[in-house]
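# Breakdown of the fold
These are the residues of each chain, in order.
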Amino acid sequence: QLVESGGGSVQAGGSLRLSCAASGDTFSSYGAGWFRQAPGKKREFIAGISWTGGTTYYADSVKGRFTISRDNAKNAVYLQLNSLKPEDTAVYYCAAAPLLTQYADRYGSWGQGTQVTVSS
């Protein structure tokens, strides 16, 4: 089970840190990803991290602004959101997959999502 937290409302240029807490003892051996879905749009991949944390991958839309990290001792994955823009407004989801991938259908476990709202 994955549970996201840390969402909220911020002004453009602000920052947030999202957390994803996992239950169970196998999460540390899985790749993890963050996705987002804005109203009327498809769910999109934004960042992923390998199970070791040694490899990360970002969508072009967030590269240089968002940072994904993980702490396997705490069974947690994080997403630092900086320089937020109104177009970053969406529900953000974390997910786990056997390997790092940008493809949503390869993720078997999903959280319930956390809302991020960025005002101009």
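Each chain has its residues counted from 1, running along the sequence as written. At least 70 in pLDDT is required for a residue's local features to be given in this predicted model, at least 80 for side-chain atom pairs to be given and counted, and no such filter applies to totals for whole chains, interfaces and linings, which use all residues. Hydrogens and water are ignored here; the side-chain numbers use all heavy atoms of the structure.

On to the nonpolar core. Working definition of a nonpolar core: buried Ala, Val, Leu, Ile, Met, Phe, Trp, Tyr and Cys residues. They are joined through side-chain atoms within 4.5 Å. For each residue, the accessible area found with a 1.4 Å probe, counting protein chains only, is set against the maximum for its type, and the residue is called buried under 20%, exposed over 50%, and partly exposed in between. Counting 27 residues, the largest nonpolar core has Trp34, Phe66, Ile68, Val77, Leu79, Leu81 and Tyr92 as its most contacted members. Residue contacts follow a heavy-atom distance rule, with two residues in contact if any of their heavy atoms lie within 4.5 Å. Dropping the residues within four chain positions of it, tyrosine 92 is found in contact with Glu4, Leu18, Trp34, Phe35, Arg36, Ile46, Phe66, Leu79, Leu81, Gly113, Thr114 and Val116. Of all hydrophobic cores here, the second largest spans five residues; its members include Phe35, Phe45, Ala97 and Tyr107.

Below, the discussion takes up the environment of arginine 106. Relative to the elements of secondary structure, arginine 106 occurs in the loop between β9 (90–97) and β10 (109–110). Residues arginine 106 and lysine 41, 65 residues apart in the sequence, show an inter-C-alpha distance of 20 Å. Residues within four places of arginine 106 in sequence aside, it is in contact with Ala97, Pro98 and Thr101. The helix count covers DSSP runs of H or I at least four residues long, the strand count covers runs of E at least two residues long, and both are numbered beginning at the N terminus.

Here arginine 65 lies in the loop between β6 (56–58) and β7 (66–71). Note on arginine 65: relative accessible area 10%, which makes it buried. Every residue in contact with arginine 65, bar those within four places of it in the chain, is listed here: Gln80, Leu81, Asn82, Ser83, Leu84, Lys85 and Asp88.

With that settled, consider the sheet that holds strand β3 (residues 16–22). In space, the four strands of this open sheet follow the order β1-β3-β8-β7, with antiparallel pairing throughout. Strands at the two margins of the open sheet, each flanked by one partner only, are β1 (2–5) and β7. Each strand axis lies, on average, 15° off the axis of its neighbour in the sheet, ignoring direction. With four bridges connecting them, β1 and β3 associate as antiparallel partners. Should DSSP find at least two bridges between two strands, the strands are taken to pair. Axis lines are fitted to C-alpha atoms, over the contacting stretch for helices. Their N-to-C directions set the angle, which ranges from 0 to 180 degrees.

This paragraph deals with the side chain of arginine 36. Within the secondary structure, arginine 36 is located in strand β4 (residues 31–37). The exposure class assigned to arginine 36 is buried, which follows from its relative accessible area of 5%. Distance and chemistry together define a polar contact, namely a pair of N or O atoms within 3.5 Å, with one atom able to donate a hydrogen and the other to accept it when in protein, and with adjacent residues in sequence counting only for side-chain atoms on both sides. Within the structure, the side chain of arginine 36 is placed 2.7 Å from the side chain of glutamate 44, a separation counted as a polar contact. If we ignore the near neighbours within four places in the chain, the residues touching arginine 36 are Lys42, Arg43, Glu44, Ile46, Ser61, Val62, Phe66, Glu87, Asp88, Ala90, Val91 and Tyr92.

This part covers the environment of isoleucine 49. Considering the arrangement of structural elements, one finds isoleucine 49 in strand β5 (residues 44–49). Its relative accessible area of 2% is what places isoleucine 49 among the buried residues. Isoleucine 49 sits 16 residues away from glycine 33 along the chain, and the two C-alpha atoms are 6.3 Å apart. Leave out the neighbours within four places in its chain, and isoleucine 49 touches Gly31, Ala32, Thr55, Thr56, Ile68, Ser69, Arg70, Val77 and Leu100.

Here we take up the pairing of β5. Along any regular strand, the residues point their side chains to alternate faces of the sheet. Within β5, five of the six residues are buried, which leaves it mostly tucked inside the rest of the structure. Inspection of the sheet shows β4 paired to β5 by five bridges, in the antiparallel sense. Residue pairing for β5: alanine 32 is matched across the bridge by isoleucine 49. From the end of β4 to the start of β5, which pair antiparallel, there are six residues, and glycine 40 there has a positive phi angle of about 80°. Two successive antiparallel strands, β5 and β6, enclose a turn made up of six residues, where glycine 53 displays a positive phi of approximately 85°.

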